[in-house]
Structures are given as structure tokens and as C-alpha cells.
Amino acid sequence: MMFGWISNVQSITITLDELSFCGKFSIMNINLAIAYCIEKSYEPYVISKVLDYIVELHLELKINCSLFVTGRALTTNRNDFLRLNKMPFLDIASHTFDHIGIKANLEQRKNEFNYIAPVSIKEIADDCRRFNSLYQEIFECQCLGFCAPRGFYRGLADRPDLLELLSSFYYKYIVSWTRNNLDWFPCDQSVAPFSYHYQGFSHLLEIPTHGWQDAAWIKTRPQTITTEYWSSQKNELLNSLKLPRKFFGLVLHDWVIFEEFIDNNLIKDFYLFCLENELSVGSFKDYYDSFYLNNQG
Ligand SMILES: [Zn+2]
């Protein structure tokens, strides 16, 4: 099977001028951090198509983004990621090897409860080791970011054991606070990025995500994923700008993009709305860089 991603990317000519925006946001306050979870490894052609879409969109708009990638996806789409490695407007970070749950979720959806058990500490350590070894082999550098699948209320603030483990793998930023106090959505805009210094890990920065996850919206109210989902995200974003930190974290999923957004302009329209409102838009790594620059002296 011929993947559109391979042929399309080879045909994209990136000039030095076009690449000059890469890193531009690293010295600015980021208002909107964008990431994509790349995890549909059991259908690698979906990943190829969605990566193709992401590259074209971000080149056109000249904005950086992060990719939170499972080790399984790195395995099934290795050649795609080798090409992505040459594109510095992308920050590629971990979404664990096997999309494991590192902390329990007890989702409360109205009167319904859904419990998702975590795996053991040993399994998390083995997973991190496996992911980092593959990442090093492909990209020849250290992985700096870790996005916990599903995410949690309070992130890892109540789990110093997990912070210690992730710290031992040299991660610098963590994306794990993505839910409200019902372990559900939307995650409140008032949750600002913070370092885990109270737990003894001041070098680990939590960068939360806000609003609804597209994956949760499509599972519970699929009929409005192309309408109310986006108006809800815009409202949440505008509310976040009224708060001191003026920050909104957005994560979209490869399989939702493929099913609902790849053939329309809804994602592009959202980013254009942000740019028209003069927001600084970048990757989660850009936010990490700017956080430490802004807090030095
Ligand atoms: Zn995920």
C-alpha cells in the first residue's frame, strides 16, 4: 500500500525562509500550546495521513506543535517519523510505549462511573525504558516531554513516586493534568502550568491541557463534534485569557482528526481565530522553554 504521507512529504520543498519561524516562539509567552496524540498504531495508514495533514497545516500557518507519540506508533510508522525528525517546527515527545494508564481514573459522567485501573510501577518503568531506547535509536537525542495517556485530575501532584520515576528518565515537561475533579471534562482553565517543586522535583514542569478532549467528546456526544465542540473550545480559550497566566493547552487525537477533521477546515479555522486574536501559538516544548526563560532572574 502506498502511503500518501510518504509521497506528499517528499514533494514539499521547505525553504530556509519558511523554516525561520521555528523556535521563534521560544522567547515569547505562549498563550496556546498545541499537541497531537499519535496513537492509532493498529491502523498505520491513518497515522501517515494525519501526519501528512499536520505538516501541511503547520507549514502553511507557520506555527510549531508537539506530537505525543506512542512507542507502538514509532514502530509501525518508523519511516514517517524519520522524515519528521528533519522538521524542527515539530517537537516529538512520549505518550508511553503501550498507551498505559500510570494512575487510576474514576470518571464520573453524570450518574455513571467508569473506573480505569493503572498498571504497576514496574510496568511503567519497563515501558519508559522501552520507549526511550527506541526514541534514542530513531532520533539520536533525549526525549524531553511525557504526556500521560488519558491524563488525570491534579496531574501527578499526589504521586511523588511517579515524579521520581519520570525524573529518572530525564523528562523535563509532563502533560498529566487534563481533567476536572470528576476525572472528566472540561478541565478548568484556571489550572496553570507549574513546576513540581513542593514534591521535590522543581525541574519537572507540568503543562496542563484545558477544555474537552476531542476523544471524550466524540465518545459521548458525537453528533456535535464538528459544531459545539469547537465553540466550546473557543469559549474556554477566551476565558483562559482573562486569567493571569493566559494559557490554554490543546491536544487533539490522530483518530478523531482522521474521522472528523481531515476533510474540513475546522482545526485551521480555530488556529486562525487564535492568530487573529494575536495569541502566541506554539508547541508544549516552546512553553517549557519560555517558562524557564521568563522565570530566570
Ligand atoms: Zn492517548
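What counts, and where the lines are drawn
- Residues numbered from 1 in each chain as written.
- Predicted model: local features only at pLDDT ≥ 70, side-chain atom pairs only at ≥ 80, totals over all residues.
- Helix = DSSP H or I, 4+ residues; strand = E, 2+ residues; numbered from the N terminus.
- Buried ≥ 20, exposed ≤ 12 C-beta atoms within 10 Å, placed from the backbone.
- Contact = placed C-beta atoms within 7 Å.
- Axes fitted to C-alpha atoms, helices over the stretch in contact; angles between N-to-C directions.
- Parallel < 35°, antiparallel > 145°, perpendicular 65-115°, else oblique.
- Nonpolar A, V, L, I, M, F, W, Y, C, P; charged D, E, K, R; others polar.
- Core = buried A, V, L, I, M, F, W, Y, C linked by C-beta atoms within 7 Å.
- Pairing = 2+ DSSP bridges.
- Right-handed = clockwise from strand over helix to strand, strands pointing away.
- Expected span 1.5 Å × (residues − 1).

A.B. asks: Summarise the overall build of the protein; cite the residues concerned and give the values.
C.D. replies: Helix and strand counts for the protein stand at 12 helices and 11 strands. Every one of the 297 residues in the protein was classed for burial, and the buried ones make up 43%. Here the contacts in the protein between residues at least 6 apart in sequence split such that 80% fall between residues at least 24 apart.

A.B. asks: Please set out the packing of helix H3 (residues 44-61) against helix H10 (residues 254-261) residue by residue, giving values where relevant.
C.D. replies: For the pair H3 and H10, interaxial distance at closest approach is 9 Å and the crossing angle is 75 degrees. The angle between H3 and H10 falls in the class roughly perpendicular. For the pair H3 and H10, contact is made by Val46, Ile47, Lys49, Val50 and Tyr53 and by Asp254, Trp255, Ile257 and Phe258, respectively. Looking at the contact of H3 with H10, its residues break down into seven nonpolar, no polar and two charged.

A.B. asks: Can you tell me about the environment of Pro186, naming the residues and giving the values?
C.D. replies: Structurally, Pro186 is set in the loop between strand S7 (173-177) and strand S8 (194-196). Residues Pro186 and Gln213, 27 residues apart in the sequence, show an inter-C-alpha distance of 7.8 Å. Look past the residues within four positions of Pro186 in its chain and what remains in contact with it is Asn180, His210, Gly211, Trp212 and Glu236.

A.B. asks: Before we move on, could you go through the nonpolar core and cite the residues and values that matter?
C.D. replies: Formed by 77 residues in total, the largest nonpolar core has its most connected members in Leu32, Ala33 and Ala35. When sequence neighbours within four positions are dropped, the list of residues in contact with Ala35 reads Cys65, Ser66, Leu67, Phe68, Cys147, Val251 and Phe284.

A.B. asks: Could you give an account of unusual backbone geometry, naming the residues involved and the relevant values?
C.D. replies: In the segment running from Phe185 into Pro186, the intervening peptide bond is cis, with an omega of 5 degrees. One non-glycine residue, Glu140, lies in positive phi territory at about 55 degrees. Among the structural elements, Glu140 can be located in the loop between helix H6 (121-139) and strand S6 (145-152). A positive phi angle, near 70 degrees, is found at Arg154, a position not held by glycine. Tracing the chain through its elements places Arg154 in the loop between S6 and helix H7 (160-168). Arg154 gets classed as partly exposed once you count the C-beta atoms within 10 Å, which come to 15.

A.B. asks: Now, about the pairing of strand S9 (residues 201-206): what can you tell me, with residues and values included?
C.D. replies: Note: S7 against S9, two bridges, orientation parallel. If you follow Ile174 over to S9, its bridge partner there is Glu206.

A.B. asks: Describe the environment of Asn77, listing the residues and the values that go with them.
C.D. replies: Structurally, the position occupied by Asn77 is in the loop between helix H4 (71-76) and helix H5 (78-84). Classification of Asn77 by C-beta neighbours within 10 Å gives buried; the count is 24.

A.B. asks: An account of the pairing of S7 is requested, with residue identities and associated values reported.
C.D. replies: Most of S7 sits inside the fold, with five of its five residues counted as buried. Alignment of S6 against S7, held across four bridges, turns out to be parallel. Paired with Gly145 across the two strands is Tyr173, which belongs to S7. For the crossover that starts at S6, traverses H7 and ends in the parallel S7, the hand is right-handed.

A.B. asks: Help me get a handle on H3, residues and values and all.
C.D. replies: The terminal C-alpha atoms of H3, which comprises 18 residues, lie 26 Å apart, in line with the 26 Å expected from a rise of 1.5 Å per residue. Restricting attention to buried positions, one finds in H3 the residues Val46, Ile47, Ser48, Val50, Leu51, Asp52, Tyr53, Ile54, Val55 and His58. A positive phi of about 60 degrees marks Lys62, the residue just after H3.

A.B. asks: Residues and numbers for the environment of Thr178, please.
C.D. replies: Looking at where Thr178 falls in the secondary structure, it is placed in the loop between S7 and S8. The class of Thr178 is buried, set by 27 C-beta atoms lying within 10 Å. Residues Thr178 and Val191, 13 residues apart in the sequence, show an inter-C-alpha distance of 9.2 Å. Residues contacting Thr178, with those up to four places away along its chain left out, are Gly151, Cys187, Pro208, Thr209 and Gln213.

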